Amino acid sequence: FIEDFSKAMSQAGSSQFQEVIRQELEYSMKVELDKILATAHSNEIEHTKKDLEGFKKLFHRFLQEKGPSVDWGKIQRPPEDSIQPYEKIKARGLPDNIASVLNKLVVVKLNGGLGTSMGCKGPKSLIGVRNENTFLDLTVQQIEHLNKSYNTDVPLVLMNSFNTDDDTKKILQKYSHSRVKIYTFNQSRYPRINKETLLPIAKDVSYSGENTECWYPPGHGDIYASFYNSGLLDNLIAEGKEYIFVSNIDNLGATVDLYILNHLMNPPNGKRCEFVMEVTNKTRADVKGGTLTQYENKLRLVEIAQVPKAHVDEFKSVSKFKIFNTNNLWIALSAIKRLQEKNAIDMEIIVNPKTLDGGLNVIQLETAVGAAIKSFENSLGINVPRSRFLPVKTTSDLLLVMSNLYSLNAGSLTMSEKREFPTVPLVKLGSSFTKVQDYLRRFESIPDMLELDHLTVSGDVTFGKNVSLKGTVIIIANHGDRIDIPAGALLENKIVSGNLRILDH
């Protein structure tokens, strides 16, 4: 008994001790944030204050929560009816008054990211993906096509970050005559914190010059607070809008789906969903994607970062967790307003470690938009075809969407009917292709890939005009060697390695 008692006492002591440390950290953080706020100009004070308040809440929760935030034993497979097959939703058909349903919709694109992973400066949405069209061009074309076809007024809302706002706004002028109203609002701007001291590395509010690395946009989970704080949410509700369709701007498959919209507005059982997450079947390429589970009687999104180490392999298994989140979400505007006002949107914190150019280790606290699913009433997953998930994260993805695998119609890409099987080939381009400008220089024209299954390219390789790739093609130029694939070449189930220079005769 005495042993148990002393053990309990020491545990109580350590938890009290931890509480004291937590309070000290929060106090130090508050002092630093107040110093930063004091450097703001009068016209910046209001929004800087909102940003820092939001950050303080997140930091408070970060100090409260420790380790992966899911109890693996509580994770269950979602009940059958909580994830509906898309076919069933499509089979209901469309009502005659689809235009009145469309007029209740707002399209929101997450536009906070830079094109740095593809070697580009500025917003990723301004990278050319198809026939000179950028991600943003394609998005505007899609919505304009809808508005013209159904004589509707579906607006586009861009959630920018402080990194993308200026460049995006400059480019928006070119759409001033298009039939799409475009609005923007900004994500919050949060301070990065030193991994050792847990204090902000920023000394003032400025975020240009040497201060660029001091700040970050806190992930797309920030959409609820920023959208609400911007006043745009209330304006859209006042205009009679009821749902937003949210997706990543680099997911070219995320087009407005009339069947899903109809299911939301006219639910078969009369009870509307406040939150719909589009999920799709995992392939070997998606083992890290977040998955929908049943957890404490609610649908819950579980991301790989929340999984205890011992269960990561199980989480990645395609047989146990068959689906993953595409981040195409349909959310009721009135529900966002209600939950935001009650401060009741609960999203797990993602701790994202970074090393800055000077070698300093920092962490940034983020949240993910889909994680809020458990805070909404009557949530639903819809298992959609893979074609609704077509993200362009790398130049390997870019090669697929630029190729003849897809045809472009009114801003939407669809898989070519000439492709005999609906799966996309697996493409792995080596480091010589990482940057968009290098990638473009290495292809005189994009190869014919209709019959391609797998392509791996490594080293100094260039492609001439009108090359055809079929089956499995592996091209490896060793260090110091160069391979030029000649114009008009057909490579079918071939491995090419060594040195191949095509000389001009």
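Rules behind the numbers
- Residues numbered from 1 in each chain as written.
- Predicted model: local features only at pLDDT ≥ 70, side-chain atom pairs only at ≥ 80, totals over all residues.
- Heavy atoms only, no water.
- UniProt positions renumbered as here; feature names shortened; annotations may be inferred.
- Helix = DSSP H or I, 4+ residues; strand = E, 2+ residues; numbered from the N terminus.
- Rg over C-alpha atoms; globule rule 2.2 N^0.38 Å.
- Buried < 20%, exposed > 50% of the residue type's maximum accessible area, 1.4 Å probe, protein only.
- Contact = heavy atoms within 4.5 Å.
- Areas by Shrake-Rupley, 256 points an atom, 1.4 Å probe, with all protein chains shown as cover.
- Pairing = 2+ DSSP bridges.
- Axes fitted to C-alpha atoms, helices over the stretch in contact; angles between N-to-C directions.

An unreviewed UniProt entry lists the chain under the name UTP--glucose-1-phosphate uridylyltransferase, from Sinosuthora webbiana. Regarding the chain, the UniProt comment filed under Subunit (unreviewed entry) reads as follows: "Homooctamer." Here is the UniProt Sequence similarities (unreviewed entry) comment for the chain, exactly as written: "Belongs to the UDPGP type 1 family."

Time to look at the overall build of the chain. When helices and strands are tallied, the chain shows 13 helices and 25 strands. Taken over the C-alpha trace, the chain has a radius of gyration of 25 Å; the compact-globule value for 505 residues is 23 Å, and the two agree within 12%. Across its three principal directions, the C-alpha atoms of the chain cover 85 × 60 × 55 Å. Buried positions account for 50% of the 505 residues belonging to the chain. Restricting to contacts in the chain with at least 6 residues of sequence separation, those with at least 24 account for 71%. By element, 51% of the accessible surface of the chain is carried by carbon and sulfur atoms, the whole surface being about 24700 Å².

Here we come to helix 12 (residues 395–402). Burial within helix 12 is extensive, with 6 of its 8 residues counted as buried. Every buried residue belonging to helix 12 is among Thr395, Ser396, Leu398, Leu399, Leu400 and Val401, and all of these are buried. In the core, the buried residues of helix 12 are packed alongside strand 3 (128–130), strand 18 (406–409), strand 19 (412–415), strand 20 (426–429), helix 13 (436–442) and strand 21 (448–458).

Here we come to the sheet that holds strand 25 (residues 490–497). Across the sheet, 4 strands lie side by side as 20-21-23-25; this open sheet has parallel pairing. If you trace the sheet from one side to the other, it starts and ends with strand 20 and strand 25, each paired once. Averaged over all pairs of adjacent strands, the angle between their axes in this sheet comes to 15°, without regard to strand direction. Taken together, the 8 bridges between strand 21 and strand 23 (residues 468–476) define a ladder with parallel strand orientation. By the bridge assignment for strand 23, Leu455 is matched with Val473. Contacting strand 20 and strand 21, helix 12 runs over the sheet at an angle of about 130° to strand 20.

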